[in-house]
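# Fold and geometry: a report
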Amino acid sequence: MSKLLTTIRLHPANERVVQVLDQRRLPFEEVMVDLHTPEDAAHAIREMLVRGAPLIGVTAAYGMYLAALHEPAASVESYYQQQKSMLAATRPTAVDLFAALDQAAQSILQAGSLAERQQQALAFAQQCAADSIDACRRIGEHGLPLIEAIARQKNGAPVNILTHCNAGFLACIEYGTATAPIYLAQERGIPVHVWVDETRPRNQGARLTAFELGRRGVPHTLIADNAGGHLMQHGLVDLVITGTDRTTRCGDVANKIGTYLKALAAQDNGAPFYVAAPSSSIDWNIRDGLREINIEQRDDRELRYIEGWAEGRIQEVLLCPEGSAGANFAFDVTPARLVTGIITERGVCAASEDGLTTLFPEKR
Ligand code: MRU
């Protein structure tokens, strides 16, 4: 599969600098931004230059590498604890962030000298990126049969897949999670068509998913967030696949706000609702998603204003009365009972503790 854009990389001419694709500017401008310090990495995560659970994790790991490049002469252990806390205080919902930071700190602190710690930090970040690519590729392979089975029933008519937010390669390093089976199906010549939820308020569907599907030549149609139920009632959705920011060991799924409503509509209309979840997005320490997952609330400005392209630049306009307050909940939780199955890098399973621990017996 051709790689068209890079979401994160080391600066090609300077190993002390990390570069990220500024996703706030897509689909209008493709700009790589330099990160020099761990604070720059935290800023990139908080302000959503990078976003999507797997990419947030990888960026945090690179943040720890930048921290290693600026290690002070004394108090090594408390320095890395501080850096970890600073990077962790950026976005609360995606579990990949916290797991990557814990593992990065652990691997850095095992090294005996500064040079080794820097080497270790870089190797860990690069391994995180490689693991994400591998997990997404395998999710594609395990999800493909779901699309193939529907294609067989439809005798060559396109399989209509609805997705929410962006769980594509822009949320990861390559392939994406929800998009991986779609890209693979397209590669195998199976006709697919994707309904792309716009995903208010930040419009990751309209801006990012439509952009990357377009770049890869996947037929797609942008729809208003509220259109999915109507399409399902009319038999126009064969399959829903979304990503996840945190899935509990019992299969409750936190994902972009609005995912729950799609799952309810899917259940009412008999449309299969699958979640593509790399194991980096599974929180094995919690069971009850509604009670235990911290749902990010963002600035209500994201709701009250909308951004678009006008006069050769990105501009924002006010959408509502000047004084109206907004409440901007960024994620919701879809209970396991509404999830048909979870597509992981080890296979597809029921959204349940039994299902997940059958694939990941080491977590029993
Ligand atoms: O707020 P975002 O853009 O970081 O939210 C991203 C999502 O909700 C994705 O669907 C999720 O992280 C899965 S990404 C493979």
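Small disclaimer: the values here were computed from a predicted structure and weren't measured. (Residues numbered from 1 in each chain as written. Predicted model: local features only at pLDDT ≥ 70, side-chain atom pairs only at ≥ 80, totals over all residues. Heavy atoms only, no water.)

## Here we look at the overall build of the protein chain
A tally of helices and strands in the protein chain yields 12 helices and 18 strands. By the compact-globule yardstick of 21 Å for 364 residues, the protein chain fits well, its C-alpha radius of gyration being 20 Å. By its C-alpha atoms, the protein chain is 65 × 55 × 40 Å across when sized along the principal axes. Residues classed as buried in the protein chain amount to 55% of the 364 residues present. Here the analysis covers contacts within the protein chain between residues at least 6 apart in sequence; of these, 73% occur between residues at least 24 apart. Accessible surface, the protein chain as shown: approximately 14,900 Å² in total, 49% of it carbon and sulfur. Computing the positive centroid from 34 side-chain charges and the negative centroid from 43, the protein chain places the two 1 Å apart. (Helix = DSSP H or I, 4+ residues; strand = E, 2+ residues; numbered from the N terminus. Rg over C-alpha atoms; globule rule 2.2 N^0.38 Å. Buried < 20%, exposed > 50% of the residue type's maximum accessible area, 1.4 Å probe, protein only. Contact = heavy atoms within 4.5 Å. Areas by Shrake-Rupley, 256 points an atom, 1.4 Å probe, with all protein chains shown as cover. Lys, Arg positive; Asp, Glu negative; His and termini not counted. Charge placed at Lys NZ, Arg CZ, Asp CG, Glu CD.)

## A word on the domain arrangement of the protein chain
What the domain assignment reports for the protein chain is domain 1 (8-131) and domain 2 (142-363). Look at where the C-alpha atoms of domain 1 and domain 2 centre, and you get two points 26 Å apart. Domain 1 puts 27 residues into the contact, and the matching count from domain 2 is 33 residues. Summing the contributions of domain 1 and of domain 2, the shared interface buries around 2,400 Å²; its carbon and sulfur component is 56%. Taken together, the links from domain 1 to domain 2 amount to 2 salt bridges. The salt bridge partner of glutamate 296 is arginine 91, with a shortest N-O separation of 2.8 Å. Only α2 (53-69) and α4 (95-109) provide two or more residues apiece to the side of domain 1 that touches domain 2. Looking at which element gives the most residues to the side of domain 1 that touches domain 2, the answer is α2, with 4 residues. (Domains from an automatic or database assignment. Buried area = accessible area lost by both parts, 1.4 Å probe. Salt bridge = Lys/Arg side-chain N within 4 Å of Asp/Glu carboxyl O.)

## Observations concerning the state of the cysteines
The full count for this structure, using the stated rule, is 0 disulfides. The cysteine cysteine 136 is free of any disulfide, with cysteine 172 supplying the nearest cysteine sulfur at 3.9 Å. (Disulfide = S-S within 2.5 Å.)

## Some remarks on the site of the ligand
The environment of the ligand is formed by 19 residues, the closest being Arg91, Gln204, Asp245, Asn255 and Lys256. Alanine 53 is positioned such that a nitrogen or oxygen atom in its backbone is 3.0 Å from an oxygen atom of the ligand. Side-chain polar atom of glutamine 204 to an oxygen atom of the ligand: 2.9 Å apart, as the coordinates give it. When the ligand sits alone it has 410 Å² of accessible area, and the protein chains cover 100% of it. Looking at the shell around the ligand, the elements with two or more residues in it are α2 and β9 (253-256). If you count residues domain by domain, the shell around the ligand takes at least three from each of domain 1 (8-131) and domain 2 (142-363). (Near = heavy atom within 4 Å. Polar contact = N/O pair within 3.5 Å; in protein donor to acceptor, adjacent residues only side chain to side chain.)

## Side note on the packing of aromatic side chains
One pass over the full model with this rule turns up 3 aromatic pairs. Ring plane angle 15° and centroid distance 5.4 Å describe the contact between phenylalanine 28 and tryptophan 309, whose orientation is recorded as stacked. Of this pair, phenylalanine 28 sits in the loop between β2 (14-21) and β3 (32-35) while tryptophan 309 sits in strand β13 (residues 305-310), and the two are 281 residues apart along the sequence. Note on phenylalanine 28: relative accessible area 31%, which makes it partly exposed. Residues tryptophan 284 and phenylalanine 360 carry aromatic rings whose centres are separated by 5.5 Å and whose planes lie at 55° to one another, so their mutual orientation is tilted. One end of the pair, tryptophan 284, is in the loop between β11 (282-283) and α10 (289-292); the other, phenylalanine 360, is in the segment after α12 (353-359), and 76 residues separate them in sequence. For the pair tryptophan 284 and phenylalanine 360, one class covers both residues: buried. Over the face of the ring belonging to tyrosine 183 we find arginine 216, whose NZ or CZ atom lies 4.9 Å from the ring centre. Directly above the aromatic system of tyrosine 305 lies the positively charged group of arginine 301, at a separation of 4.1 Å from the ring centroid. (Phe/Tyr/Trp six-rings, centres within 6.5 Å; stacked < 30°, edge-to-face > 60°. Lys NZ or Arg CZ within 6 Å of the ring centre and 35° of its normal.)

## Let's talk about the environment of valine 76
Relative to the assigned elements, valine 76 resides in helix α3 (residues 76-88). Looking at valine 76, the relative accessible area reads 22%, which means it is partly exposed. Between the C-alpha atom of valine 76 and that of leucine 109, which follows or precedes it by 33 residues, the distance is 8.2 Å. Beyond its immediate stretch of four places on either side in the chain, valine 76 contacts Glu71, Leu109 and Arg117.

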